[in-house]
Amino acid sequence: GAGVSQSPSNKVTEKGKDVELRCDPISGHTALYWYRQSLGQGLEFLIYFQGNSAPDKSGLPSDRFSAERTGGSVSTLTIQRTQQEDSAVYLCASSLLPVSYEQYFGPGTRLTVT
Amino acid sequence: AQTVTQSQPEMSVQEAETVTLSCTYDTSESDYYLFWYKQPPSRQMILVIRQEAYKQQNATENRFSVNFQKAAKSFSLKISDSQLGDAAMYFCAYRRRGAQKLVFGQGTRLTINP
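Residues numbered from 1 in each chain as written. Chains lettered and ligands numbered in written order. Predicted model: local features only at pLDDT ≥ 70, side-chain atom pairs only at ≥ 80, totals over all residues. Heavy atoms only, no water.

Asks: How would you sum up the sheet that holds strand 3 (residues 19-24) of chain A? Please name residues and give values.
Replies: All names here are of chain A. Spatial ordering of the open sheet is given by 1-3-8-7, a layout of 4 strands whose pairing is antiparallel. The open sheet has two edge strands, strand 1 (5-7) and strand 7 (65-69), and neither has a second partner. The sheet shows a mean angle of 15° between the axes of neighbouring strands, direction not considered. In this sheet, strand 3 lies alongside strand 1 in antiparallel orientation, the contact comprising 3 bridges. If you follow S7 over to strand 3, its bridge partner there is R22. (Pairing = 2+ DSSP bridges. Helix = DSSP H or I, 4+ residues; strand = E, 2+ residues; numbered from the N terminus. Axes fitted to C-alpha atoms, helices over the stretch in contact; angles between N-to-C directions.)

Pasting the structure below:
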């Protein structure tokens, strides 16, 4: 079956613009995760969804970042008023909780803020 | 807070030889999981091997094995018979039992010399 997919693959935006990043998890996976990979901070957890609710959003760096998940499937990570420090690769993962805790990752979206 | 440290930013090895990547972690928990992930240039993180902290036996997956030293909080990855396709970034990761987020180390870039 298809793996985790993310779109767009690459996104270049101007400072101050809003961006939306999309994640399609593996079909049937109940849990979905967002991570950020940047040169300065390494790989950081952002938020975790179980179904459509987010029990852990402790990694969101500021109120400019938000995420939602609809229908227990697709998730969108929105960054408002982008800053240059938001430049990073945003990775999405999904897992079939509680059957398996293994997280399957997508190829990521590379965001560049100019 | 849990932290994961990979002290080797880069490693290189000759094809067919053995290489060991180091990882140490800091936690006050007794029940947790440790992982090694591979990230090739495609950016997609791939799970290489997993270790449950309550298991004394070191995990093995084909050419990949770990040396898990719980008291020393050390979790190294040994790659035997290195192949060109093993070239990638390798990340050590920690997950506390009951939590969902992965805590990653900074990564080690592995180069395989033909």
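Anyway, onward from the coordinates.
Asks: Talk me through the interface of chain B and chain A; I want residue IDs and the actual numbers.
Replies: Listed as interface residues are 15 residues of chain B and, on the opposing side, 25 residues of chain A. Summing the contributions of chain B and of chain A, the shared interface buries around 1700 Å²; its carbon and sulfur component is 50%. Applying the counting criterion to the chain B and chain A interface returns 0 salt bridges. On inspection of chain B and its partner chain A, the count reaches 8 residue pairs in polar contact (both at pLDDT 80 or more). Within the residue set of the side of chain B that touches chain A, elements represented by two or more residues are strand 5 (32-39), strand 6 (46-52) and strand 10 (88-96) of chain B. Along the lines of polarity and charge, the residues of the side of chain B that touches chain A split into 6 nonpolar, 5 polar and 4 charged. (Contact = heavy atoms within 4.5 Å. Buried area = accessible area lost by both parts, 1.4 Å probe. Salt bridge = Lys/Arg side-chain N within 4 Å of Asp/Glu carboxyl O. Polar contact = N/O pair within 3.5 Å; in protein donor to acceptor, adjacent residues only side chain to side chain. Nonpolar A, V, L, I, M, F, W, Y, C, P; charged D, E, K, R; others polar.)

Asks: Go over the packing of aromatic side chains with me, naming the residues and quoting the values.
Replies: For the structure on display, the rule yields 14 aromatic pairs over all chains. Relative to F105(A), the ring of Y35(A) has its centre 5.6 Å away and its plane inclined at 40°; by these criteria the two rings are tilted. Pair noted here: Y35(A) is in strand 4 (residues 31-38) and F105(A) is in strand 10 (residues 104-105), with a separation of 70 residues, a long-range link. In this structure, Y35(A) and F105(A) share a single accessibility class: buried. Three or more aromatic residues joined by ring pairs make a cluster, and in this case those are Y35(A), F45(A), F105(A), F35(B), Y37(B), F91(B) and F104(B). (Phe/Tyr/Trp six-rings, centres within 6.5 Å; stacked < 30°, edge-to-face > 60°. Buried < 20%, exposed > 50% of the residue type's maximum accessible area, 1.4 Å probe, protein only.)

Asks: Please provide a residue-by-residue account of the nonpolar core, values included.
Replies: Core analysis: the biggest nonpolar cluster contains 26 residues, and Y25(B), W36(B), F75(B), L77(B) and Y90(B) have the highest contact counts within it. If you list the elements that add at least two residues to this core, you get strand 3 (19-21), strand 5, strand 6, strand 8 (64-69), strand 9 (74-79), strand 10 and strand 12 (108-113) of chain B. With 4 residues, the top contributor of residues to this core is strand 10 of chain B. In this structure, Y35(A), Y48(A), L91(A) and M89(B) belong to the second largest nonpolar core, which totals 20 residues. (Core = buried A, V, L, I, M, F, W, Y, C linked by side-chain atoms within 4.5 Å.)

Asks: Give a description of the side chain of Q103(A) that names residues and reports values.
Replies: Position of Q103(A) relative to the elements: it lies in the loop between strand 9 (88-95) and strand 10. Q103(A) gets classed as buried once you look at its relative accessible area, which sits at 3%. At 2.8 Å, the side chain of Q103(A) and the side chain of Y35(A) are in polar contact. Residues contacting Q103(A), with those up to four places away along its chain left out, are Y33(A), Y35(A), A93(A), S94(A), S95(A), Y37(B), Q100(B) and L102(B).

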